[in-house]
Amino acid sequence: MPGKMKMLACMAAALVGTAQAGVIGVGGFSAPTVIDFENAVAGPIGNQYAALGLGFTNFDLAIYATSPAPESYVALKYLDGAPRIDGMITFSSVITRLGADASTNPEDDTFIDAYLGNTLVGSHFFDTTGDGEGGSFIGIEFLSGFDRVVFRTIPVINGALALDNLRFENAAPPGQVPEPGSLALLGTTLLGLALARRR
């Protein structure tokens, strides 16, 4: 029965890795909440959108073009003299999808790290460009759910990252979003069953 054990072990590994998901495009959202920052006030974004269930750390209001569209208000991650500063968005509930129009220096790239509580759900790398006069869409989907994202720009010219038309949603019905710990436990159980059967 080595074939069955190998299959069970593969299934266990796949389940443990289910929290690692992929990129999502702008058309992959079904009914997102969208923030265009046009009604934000000058200064740090902070808790200006707390009524929508999220808060911003190290993002300030600025004006850039993050797509071929004309310049508009954006959330800007940038601190003069501290190019490696990270930006963060914290949600009051679990979501599964997040995306935004993004612009960075052509030499800078962007990582998004997604967390559920203090557990890293997964990360994704984006080759971002735009230089404040254009950009591309960056989006992530983790079906295990997440409630915090950290934006890192590397390698660094000045660390600037402009986000616009931020969208987010929980695409899974309440109660049907598996936690990473549950997936790991199920995977470990299957692996244990495979080993016990082998004995």
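Definitions and cut-offs
- Residues numbered from 1 in each chain as written.
- Predicted model: local features only at pLDDT ≥ 70, side-chain atom pairs only at ≥ 80, totals over all residues.
- Heavy atoms only, no water.
- Helix = DSSP H or I, 4+ residues; strand = E, 2+ residues; numbered from the N terminus.
- Buried < 20%, exposed > 50% of the residue type's maximum accessible area, 1.4 Å probe, protein only.
- Contact = heavy atoms within 4.5 Å.
- Areas by Shrake-Rupley, 256 points an atom, 1.4 Å probe, with all protein chains shown as cover.
- pLDDT = per-residue confidence, 0-100.
- Lys, Arg positive; Asp, Glu negative; His and termini not counted.
- Salt bridge = Lys/Arg side-chain N within 4 Å of Asp/Glu carboxyl O.
- Polar contact = N/O pair within 3.5 Å; in protein donor to acceptor, adjacent residues only side chain to side chain.
- Phe/Tyr/Trp six-rings, centres within 6.5 Å; stacked < 30°, edge-to-face > 60°.

Peer 1: Mind laying out the overall build of the protein chain, listing which residues take part and the relevant values?
Peer 2: When you go through the protein chain residue by residue, the secondary structure sums to two helices and ten strands. Shown N-terminal to C-terminal, the secondary structure of the protein chain runs as helices and strands in the order α-β-β-β-β-β-β-β-β-β-β-α. Looking at the protein chain as a whole, 43% of its 199 residues are labelled buried. Long-range contacts, defined as pairs at least 24 residues apart, comprise 75% of the intrachain contacts of the protein chain with a sequence gap of at least 6. Here the protein chain displays about 10,000 Å² of accessible surface, and carbon together with sulfur accounts for 58% of that area.

Peer 1: Break down the confidence of the model for the protein chain for me, citing the residues and quoting the values.
Peer 2: When pLDDT is averaged along the protein chain, the result is 84; 76% of the residues meet or exceed 70. This stretch, residues 3-20, has a pLDDT under 50; its non-local contacts, to residues over four places away or in other chains, come to 25 contacts. A low-confidence stretch, residues 177-186 (pLDDT under 50), is modelled with 20 contacts involving residues beyond four sequence positions or located in other chains.

Peer 1: Quick rundown of the side chain of Lys 77? Include the residues and the values.
Peer 2: Along the chain, Lys 77 turns up in strand E5 (residues 72-77). Of the side chains bearing the opposite charge, Asp 86 lies closest to the buried Lys 77, which forms no salt bridge; the N-O distance is 5.6 Å. A polar atom in the side chain of Lys 77 sits 2.7 Å from the backbone oxygen of Gly 159. Beyond its immediate chain neighbours, meaning those up to four positions away, Lys 77 contacts Asn 58, Phe 59, Ile 85, Asp 86, Gly 87, Phe 151, Thr 153, Gly 159, Ala 160 and Leu 161.

Peer 1: Break down the packing of aromatic side chains for me, citing the residues and quoting the values.
Peer 2: Taken as a whole, this structure holds nine aromatic pairs when the rule is applied. With a centroid separation of 6.3 Å and an interplanar angle of 70°, the aromatic rings of Tyr 49 and Phe 56 are classed as edge-to-face. You'll find Tyr 49 and Phe 56 in the same group, each marked buried. Here the aromatic rings of Phe 142 and Phe 146 are separated by 6.0 Å at their centres, their planes lie at 85°, and the arrangement is edge-to-face. Here Phe 142 matches Phe 146 in class, with each residue buried.

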